[in-house]
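The chain contents come next:
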Amino acid sequence: MISLYGILDAGQGQLFGEPGPRLFSDLCIDPLQATEACLYAALRTDGGDGHHGIAEAIARGAGGIIATRPPELDTAGLSVILVKDVLGALMAWAHAVIGKLGVQVIVVAGSAVRPVTVEAARAVLSTRHRVVTDQTGGQGRISIPLTTAHLTPEDRFVIFNLDPAQPGEMSEMISAAQPHSAVIPQIGVGFSDRFGSPDAFAAELGLIFDYLSPGGAAVINYDDDRARALLSRTRSHPISIGIDGFGADLVAYNIVIGPTRTGFDLRFRDQRHLGRWTPLLGQHQLYAVLGALALGAHYEIPLPEALRVVAELDPLPGQMKPLPGKGGALLIDNSAGADPTTTLSALEWLNAAADPGQRKIFIFGDLDRLGEFSQRSHRLIGQKAAELSDLFITHGADAALAGRAALDHGMDPGAVAITYGVQDVLTRLEADSGGLTDRDLILLNGSPAARVELITRALLADRADERLLPRGDRSDRHDSADRPIASSWVEIDLEALANNVRALKALIGPQVALFAVVKADAYGHGAVAAARVALLNGATYLAVASMAEALALRDAGINAPILVMSYTPTQAIRQAVRQQITVTVYDLELAREYDRLARENGGRLKVHIKIDTGMGRIGVLAGNAMPFFRHLLKLNHLEIEGIYTHYANADSDPAATAEQTRLFKSVLVPLKASGYQFKYIHAANSAATLTDKETHFNAVRCGLALYGLSPSPTAQVPSSFRPVMSWRTVIASVKVLPPGHPVGYGSTYRTSDEEKVAVIPVGYADGLRRAPQHQGYVLVHGQRAPIRGRVSMEKTVISVHHIPNVSIGDEVTLLGTQGNETISADEIAERWGTINYEVVCSVLARTPRK
Ligand SMILES: *Cc1c(COP(=O)(O)O)cnc(C)c1O
């Protein structure tokens, strides 16, 4: 319960207008989850401003608002509290309430395993007492007031899940919560991005022990070096927990790992309890169980009673949760609780729990928040996966590193799949086995932001089990902590790319090969990920513009054939032979050099002959093709795999295209008559592929259409295609300019009346073009905001006069969709006076891809 006057007092707030309700049943920060009679807190975070949600919260029944400024709407009948700092006021209020109620406060801290520990401790203490627990899963400081709002005078215990978002927050959380006891089930290397290093994080955790009261307990994982080091620091009653070793006060040993439960014997000082078990899986969850048992012991819950409780715990959603999968497979969903330590523990579990005949499948999504530990941790997990799993599927760009590490570690390439989208994981599973069976044990593991639960969902035997998955609503929302810290970022929708590739493949049919053109870093979309997704969805060949681009793909571990469509210098031929890269030939002298170099390097070089049928760029003129070919045949170290041409007007002139096709065929007929079989004959780019089946031959080379864009108004991608790239930034400043005020270099714009303008921290150095035309508009809150004045190198002014409540940190879309509005690459191209190809390629490489 929250009392209006309690908040006003503790938070030094002021009433705005007449008070409405004086008592609130709950506190809420998400306007979409506002309920009848709750107090809505308009929190301001760098991810956005809760003041924008006030109208929504009121519409859903909120009876009161706590905010820093009066809402721009009618608040009659509501209680409106104005404070300087909403979060600070709520923390002060929580401090006052906890002090007044005299409840026993327990905090659970550390990296992963906190939610499971909170739940296990709740179950144990609830045998004798009333307990309130943190239901937020830890959301930084706000979780303290959110949990405090549920306290009543009858409650004996409250358990907080301490999840500080940055250094310094821990001490604020501790002084608001005033803990008596603490449990640290694990420290590991989690949170290294926020705290700089695991040691810095451990130091922050140490602050808890300075606070604990002498009558409380400090329950600490003895097997975690950083946690053990904290034992000496507490004035309260220390209880160490451990697995299999000596030295800890409470030890589980003789661990028996089963597919649905974990058995153990327990030693607590001089007591022993044999043959116990819990349905929680993995060593990391056993620490949560031990933590709860230790707390129970401290608060005089008899151990046998507590052991009965932990034998009946229900695994939490996303925390090693067993679920029936398709075909009788057993799924273990660990999509909410993964960090490097828990992932390794889960993988050890997979290996130990599987029967000898069972297939151990490990599906691994990105782990985030690891800072400088990210690469090392992902690689280590890849190495372990090579040892402990039979099929290893990675999902996402960081997890791809683990896939590479598994390959480097000697895992069979057929047993490793590196993917970037849910559909790709499913396709790969299907391809591997034609479906799941009851011989499959599947571990699905990743950070919440990787959304691995979407893969689990697709593999469920019964869709109704969906409710047993993590809701994932936190990762649905734009979590500002997950945004790149750069001033703008490009979002690449690889599911859309996968969709487009499949649609193109369906359009050309099974007899025609799809070459995915990923030159120019896949038209700015990121070549490695784009290539992998294309190959998983129906493309069988890649095409690039240079040997450097081809080698970058090989370096990333891509083994598919790659065609270099442009000039290859002779000094690159050695690499081409070694790395099996196909080059284009169109000049006899050069071809002879290639042949000599291939011979010297002890191999054969694959080549495609390029015919010029009207482009006027590289290529043998149609009339010279026959003699060229005869000479080429004598070069024994060249393997002629294909022949191709390129259209000049496929997007605009069907007749000219037909003429080029006719000319190309006139070259092919005598070559074929002389008995030569080309494996690949190709001509079509995206425009020709989309508009003219005659151009397909037995392969097509598509670029633009893969990325969901249309080559021209007369060569459109079907409506099922979706653009892959969006480009976003945030508002850096908002202010109202007086009438007649100039904007930007050269003062090319002057306000006529008062005008509310905002600054976005991007400019021409990022690819936001300045001249001769800029793109005209960006999107803010789903509405068009015109650009004012000139675009500078790294700043641009926009008008937000017509858009209410714009504030610093709000997301801005430069390219893509926001709400119901879209700024398309076509629209920008139109304003620039160019083509959409150039638009997507111009968002500079220095802008991070997400
Ligand atoms: C770039 C390129 C393509 C792909 O063109 P799209 O219009 O993007 O499909 C095909 N062939 C050659 C030779 C190219 O250079």
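Remember, predicted model here, so these are calculated numbers, not experimental data.

Is there a simple way to think about the site of the ligand in this case?
Around the ligand, the neighbouring residues are V517, K519, Y523, M565, H646, N685, S686, R701, C702, G703, L704 and Y837. The contact in question runs from a nitrogen atom of the ligand to an N or O atom on the side chain of R701, over 2.8 Å. Measuring from an oxygen atom of the ligand, one finds a side-chain N or O atom of Y837 at 2.5 Å. For the ligand, the protein covers 92% of the area, taking 390 Å² as the surface of the free molecule. Classifying every residue of the shell around the ligand by side-chain character gives 6 nonpolar, 4 polar and 2 charged.

It is not clear to me how the sheet that holds strand β20 (residues 330-334) should be interpreted in this structure. Could you clarify?
Within a sheet, each strand pairs with its neighbour through backbone hydrogen bonds, oriented either parallel or antiparallel. One open sheet accounts for 6 strands, arranged β19-β20-β24-β21-β22-β23; its pairing is mixed. Taken across any chain shown, the strands that pair with only one partner, and hence form the sheet edges, are β19 (321-324) and β23 (416-419). For this sheet the average axis-to-axis angle between neighbouring strands, irrespective of direction, equals 15 degrees. By the bridge criterion, 4 bridges tie strand β22 (residues 391-395) to β23 in an arrangement that is parallel. In the sheet register, H395 faces β23, and the bridge partner there is T419. In the packing of helix α12 (residues 340-353) onto the sheet, contacts are made with β20, β21 (359-365) and β24 (440-445), and the angle to β24 comes to roughly 175 degrees.

Can you walk me through the sheet that holds strand β2 (residues 14-15) in this structure?
The strand order β2-β9-β8-β5-β4 describes an open sheet built from 5 strands, whose pairing is mixed. The outermost strands of the open sheet, each flanked by one partner alone, are β2 and β4 (26-28). One ladder, built from 3 bridges, connects strand β5 (residues 38-41) with strand β8 (residues 64-67); its direction is parallel. Across the sheet, the residue bridging to L39 is G64, located in β8. Across the sheet, helix α3 (residues 86-101) touches β4, β5 and β8, and the angle it forms with β8 is around 115 degrees.

Before we go on, may I ask you to explain the environment of P670 in this structure?
Here P670 lies in helix α25 (residues 654-673). A relative accessible area of 35% means that P670 is categorised as partly exposed. Here the alpha-carbon distance between P670 and A625, two residues 45 residues apart in the chain, equals 9.8 Å.

Looking at this structure, how should I read the packing of aromatic side chains?
Any aromatic ring pair is given by two values, namely how distant the centres are and how the planes are angled relative to each other. Within the structure shown, the criterion is met by 14 aromatic pairs. Taking 6.0 Å as the distance between ring centres and 35 degrees as the angle between the ring planes, the aromatic pair formed by Y523 and Y837 counts as tilted. Separated by 314 residues along the polypeptide, Y523 in helix α19 (residues 519-524) and Y837 in helix α28 (residues 836-842) bring together distant segments of the chain. Among the residues examined, Y523 registers a relative accessible area of 6% and is labelled buried. With a centroid separation of 5.2 Å and an interplanar angle of 75 degrees, the aromatic rings of F629 and Y676 are classed as edge-to-face. Here Y676 lies in the loop between α25 and β33 (680-682) and F629 lies in helix α24 (residues 625-633), a separation of 47 residues in the sequence. A residue is classified by how much of its surface remains accessible, and Y676, at 23% relative accessible area, is partly exposed.

When you look at unusual backbone geometry in this model, what are you seeing that I'm missing?
Among all residues except glycine, the phi angle is most often negative; among peptide bonds, the trans geometry is most common. Put simply, A771 and P772 share a cis peptide bond, and its omega is 0 degrees. Considering the arrangement of structural elements, one finds P772 in the loop between β39 (755-760) and β40 (777-780).

Please clarify how the packing of helix α13 (residues 374-388) against helix α14 (residues 397-408) should be interpreted in this entry.
Two measures define how a pair of helices packs: the angle their axes make with one another and the distance between the axes. Axis separation between α13 and α14 bottoms out at 7 Å; the angle between their running directions is 45 degrees. Comparing the axis directions of α13 and α14 gives the class oblique. In terms of crossing hand, the pair formed by α13 and α14 is right-handed. Contact with α13, carried on its side by S374, Q375, H378, R379, G382, Q383 and A386, involves D398, A399, L401, A402, A405 and A406 of α14 and no other residues of that element. When its residues are assigned to classes, the contact of α13 with α14 shows 6 nonpolar, 5 polar and 2 charged.

Could you clarify how one ought to interpret the packing of α12 against α13 in this entry?
In contact at an axis separation of 10 Å, α12 and α13 are set at 5 degrees when each is read in the N-to-C sense. Here α13 runs roughly parallel to α12, going by the angle between their axes. On α13, the residues that touch P340, T343, L344, L347, E348 and N351 of α12 are S377, L380, I381, K384, A385 and L388. Of the residues assigned to the contact of α12 with α13, the class counts are 7 nonpolar, 3 polar and 2 charged.

Even after reading the chapter, I still don't get the nonpolar core, so can you show me in this structure?
Taken as a class, soluble globular proteins show a tendency for nonpolar side chains to be buried jointly. L605, I609, V780 and I798 are the most contacted members of the largest nonpolar core, which has 156 residues in total. At 8 residues, helix α18 (residues 494-508) tops the list of elements feeding residues into this core. Setting aside chain neighbours within four positions, we find L605 in contact with I573, A576, V577, I581, V583, Y594, A598, H637, L638 and E639. Formed by 55 residues, the second largest nonpolar core is a distinct cluster that contains V97, I187, F195 and I208.

Explain the side chain of T278 here, please?
Mapped onto the elements of the fold, T278 is located in strand β18 (residues 271-278). With relative accessibility at 1%, the residue T278 sits in the buried group. A distance of 3.0 Å separates a polar atom in the side chain of T278 from the backbone oxygen of V310. Once residues within four sequence positions are removed from consideration, T278 is found in contact with R261, T262, F264, L286, V289, V310, A311 and L313.

When you look at the pattern of salt bridges in this model, what are you seeing that I'm missing?
For the structure on display, the rule yields 31 salt bridges. When the shortest N-O distance is used, the salt bridge between D440 and R359 registers 2.7 Å. Of the two residues, D440 sits in strand β24 while R359 sits in strand β21, which places them 81 residues apart along the sequence. Salt bridges here are not isolated pairs; linked through shared partners, they connect R784, E821, E827 and R831.

Got a minute to help me understand the environment of A785 in this structure?
Topologically, A785 is positioned in strand β41 (residues 783-788). Residue A785 is classed as buried on the basis of its relative accessible area of 0%. If sequence neighbours within four positions are ignored, A785 has contacts with G776, Y777, V778, V780, I798, S799, V800, H802 and I803.

Parameters at a glance
Residues numbered from 1 in each chain as written. Predicted model: local features only at pLDDT ≥ 70, side-chain atom pairs only at ≥ 80, totals over all residues. Heavy atoms only, no water. Near = heavy atom within 4 Å. Polar contact = N/O pair within 3.5 Å; in protein donor to acceptor, adjacent residues only side chain to side chain. Areas by Shrake-Rupley, 256 points an atom, 1.4 Å probe, with all protein chains shown as cover. Nonpolar A, V, L, I, M, F, W, Y, C, P; charged D, E, K, R; others polar. Pairing = 2+ DSSP bridges. Helix = DSSP H or I, 4+ residues; strand = E, 2+ residues; numbered from the N terminus. Axes fitted to C-alpha atoms, helices over the stretch in contact; angles between N-to-C directions. Contact = heavy atoms within 4.5 Å. Buried < 20%, exposed > 50% of the residue type's maximum accessible area, 1.4 Å probe, protein only. Phe/Tyr/Trp six-rings, centres within 6.5 Å; stacked < 30°, edge-to-face > 60°. Parallel < 35°, antiparallel > 145°, perpendicular 65-115°, else oblique. Left-handed = near helix turned anticlockwise from the far one by under 90°. Core = buried A, V, L, I, M, F, W, Y, C linked by side-chain atoms within 4.5 Å. Salt bridge = Lys/Arg side-chain N within 4 Å of Asp/Glu carboxyl O.

The values are spatial; any link to function lies outside them.
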